[in-house]
Amino acid sequence: MTTETKKPYFLDTPKDELQAFFQTHQIPSYRMKQIDEWIFKKFTYDPNLMSNLPQKFRDALLENFDWELPSIVSRLDAKDGATKLLLKSRTGHNIEAVILRYDGRTSLCISSQVGCKLACAFCQTGKLGFVRHLSAAELVAQFLSAYAITSTEDRRLSHIVFMGMGEPFDNYNATVMAARYFTAPEYYGLSKRHVTISTSGLVPQIKMLADDPVGSLAVSLHACRDELRTELMPINRKYNLTQLKEALLYYQKKTGAMITLEYILIKDKNCGQREARELIRFIHGLRAKVNLIPFNSHPGLPFEHPTEHEIKSFQSYLSQRSVPAPVRYSKGLEVSAACGQLAAKHLDDLNNAPKRQAVLP
Ligand code: SAH
Ligand code: SF4
């Protein structure tokens, strides 16, 4: 394990501190734009290669900031177009990200934390417990590493989802800072509709995002009855469904944007008629789309994949009531890269095969 260096990452340094640094070194402010272009338009994160910067300035950048971002130590490719990347941080922690290739788009699923505090009963990451937050630079590192791969395939990363390890809203500042890097025109410039932040339902942060919408909102719902949701997601004890709904209505009013609701289907647990009815009641008044995700199993998780009958009847209950709810089969099951499966503590854990495969459409 390497020891943490004292130098900050350039990408973690707030703009006002960077401006002060530029002033101290008598560097004109247009140079900032040039660095941003090197990083987000030419994908070069090394001052030595930033050829339009004077040598003196490059030296100052090298001396004052850490430029060694986490980099890929292992890569697993699944046949369905998913690639799981394992990066190593300067503190020796594993960071997992997943490239998802579809016809016409390429998505990157990034992790916001090492582990997670929220201990959802169905999630392998939750079983790890919390290790630490990732910084904005460590979030961008996942993007730059993936970009280096997809650009050789003639694919441009078109979507970024904060759906890897961790709860992005528990690491709000870094999440917002990274989302800005992905969306602002002076940086990577993706549409905000193509950057999705998924939360287990942290109500104050949903409201904060409503006030400053740096990306789109997805909420992991998974049950619409407090008792069942609390059993599956302990966070529901702190922010119950009434508070969550109120925050979503606030978000909708402020942004006018569509909300994505994710609903895992777990055998004999949350996908009967009763739960479908409760879901319909919850989404009343919301402009939301529902994604149904058949539970992905993993050694050690106490639940099972739903039956085809459960999936179909849950879905048709919703569609008969004008709620379209596509079933999203996770990619990357084969390499444990699917939703809820990211949890490598060691290199050996990386391809910890799931107990059951999803039934592919
Ligand atoms: N912490 C955030 C984002 C990371 S989890 C959140 O909970 O939303 C990303 C998505 O994977 C969430 O919708 C989560 O509920 C889902 N997920 C977790 N474990 C899963 C599993 N075993 N099978 C299917 N989806 C799972
Ligand atoms: Fe954390 Fe999300 Fe997993 Fe819950 S589902 S434990 S919030 S990563």
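What this report covers is the structure whose coordinates are included nearby. (Residues numbered from 1 in each chain as written. Chains lettered and ligands numbered in written order. Predicted model: local features only at pLDDT ≥ 70, side-chain atom pairs only at ≥ 80, totals over all residues. Heavy atoms only, no water.)

Once that is clear, we can look at the sheet that holds strand β10 (residues 259-265). Pairing in this open sheet of 9 strands is mixed, and the strands run β1-β2-β3-β4-β7-β8-β9-β10-β11 from one edge to the other. Each edge of the open sheet is held by one strand with a lone partner, namely β1 (71-77) and β11 (288-294). Averaged over all pairs of adjacent strands, the angle between their axes in this sheet comes to 20 degrees, without regard to strand direction. As paired strands, strand β8 (residues 195-199) and strand β9 (residues 216-220) are joined by 4 bridges and run parallel to one another. If you follow threonine 196 over to β9, its bridge partner there is serine 216. The strands touched by helix α10 (residues 241-255) are β9 and β10; relative to β9, the strand with the most contacts, the crossing angle is about 165 degrees. (Pairing = 2+ DSSP bridges. Helix = DSSP H or I, 4+ residues; strand = E, 2+ residues; numbered from the N terminus. Axes fitted to C-alpha atoms, helices over the stretch in contact; angles between N-to-C directions. Contact = heavy atoms within 4.5 Å.)

Turning next to the pairing of β8. Burial analysis of β8 places 5 of its 5 residues in the buried class, which makes it a mostly covered element. Covered by surrounding structure in β8 are Val195, Ile197 and Thr199 together with Thr196 and Ser198, the residues of both alternating faces. As defined by bridge partners, strand β7 (residues 159-162) adjoins β8 across 3 bridges and the pair is classed as parallel. Paired with isoleucine 160 across the strands is valine 195, a residue of β8. Note on the crossover from β7 through helix α6 (residues 172-183) to β8: the handedness is right-handed. (Buried < 20%, exposed > 50% of the residue type's maximum accessible area, 1.4 Å probe, protein only. Right-handed = clockwise from strand over helix to strand, strands pointing away.)

Further remarks concern helix α11 (residues 273-283). Among the residues making up α11, those that are buried are Glu275, Ala276, Glu278, Leu279, Phe282 and Ile283. Along the axis of α11, the buried residues cluster in a sector spanning 160 degrees; they form a single face. Exposed and oriented more than 90 degrees from the buried face of α11 are Gln273 and Arg281. Count one or two residues on from α11 and you reach glycine 285, which has phi positive near 90 degrees. (Arc of directions from axis to C-beta.)

The N-to-C vectors of helix α1 (residues 15-24) and helix α2 (residues 30-40) enclose an angle of 120 degrees; their axes lie 10 Å apart at closest approach. With respect to their mutual orientation, α1 and α2 come out oblique. Judged by the sense of rotation from one axis to the other, the crossing of α1 with α2 is right-handed. Where α1 approaches α2, its residues Lys15, Leu18, Gln19 and Phe22 are matched on the opposing element by Arg31, Met32, Ile35 and Asp36. Tallied by class, the residues present in the contact of α1 with α2 amount to 4 nonpolar, 1 polar and 3 charged. (Parallel < 35°, antiparallel > 145°, perpendicular 65-115°, else oblique. Left-handed = near helix turned anticlockwise from the far one by under 90°. Nonpolar A, V, L, I, M, F, W, Y, C, P; charged D, E, K, R; others polar.)

Let us now look at the pattern of salt bridges. It is possible for side chains bearing opposite charge to pair when their charged atoms get close. If you walk through the whole model with that rule in mind, you get 18 salt bridges. A salt bridge links arginine 225 to glutamate 275, with the shortest nitrogen-to-oxygen separation between them at 3.1 Å. Of this pair, arginine 225 sits in the loop between β9 and α8 (226-232) while glutamate 275 sits in helix α11, placing them 50 residues apart in sequence. Assigned by exposure class, arginine 225 and glutamate 275 land together as buried. Overlapping salt bridges, with partners in common, bring together Arg225, Glu227, Arg274, Glu275 and Glu278 in one network. (Salt bridge = Lys/Arg side-chain N within 4 Å of Asp/Glu carboxyl O.)

Glancing now at the environment of tyrosine 317. Assignment of secondary structure puts tyrosine 317 in helix α12 (residues 308-320). Classification of tyrosine 317 by relative accessible area gives buried; the value is 9%. A C-alpha to C-alpha distance of 7.5 Å links tyrosine 317 and glutamine 273, two positions 44 residues apart in sequence. Setting aside chain neighbours within four positions, we find tyrosine 317 in contact with Gln273, Ala276, Arg277 and Ile280.

By themselves, these are just geometric observations and shouldn't be taken as functional.
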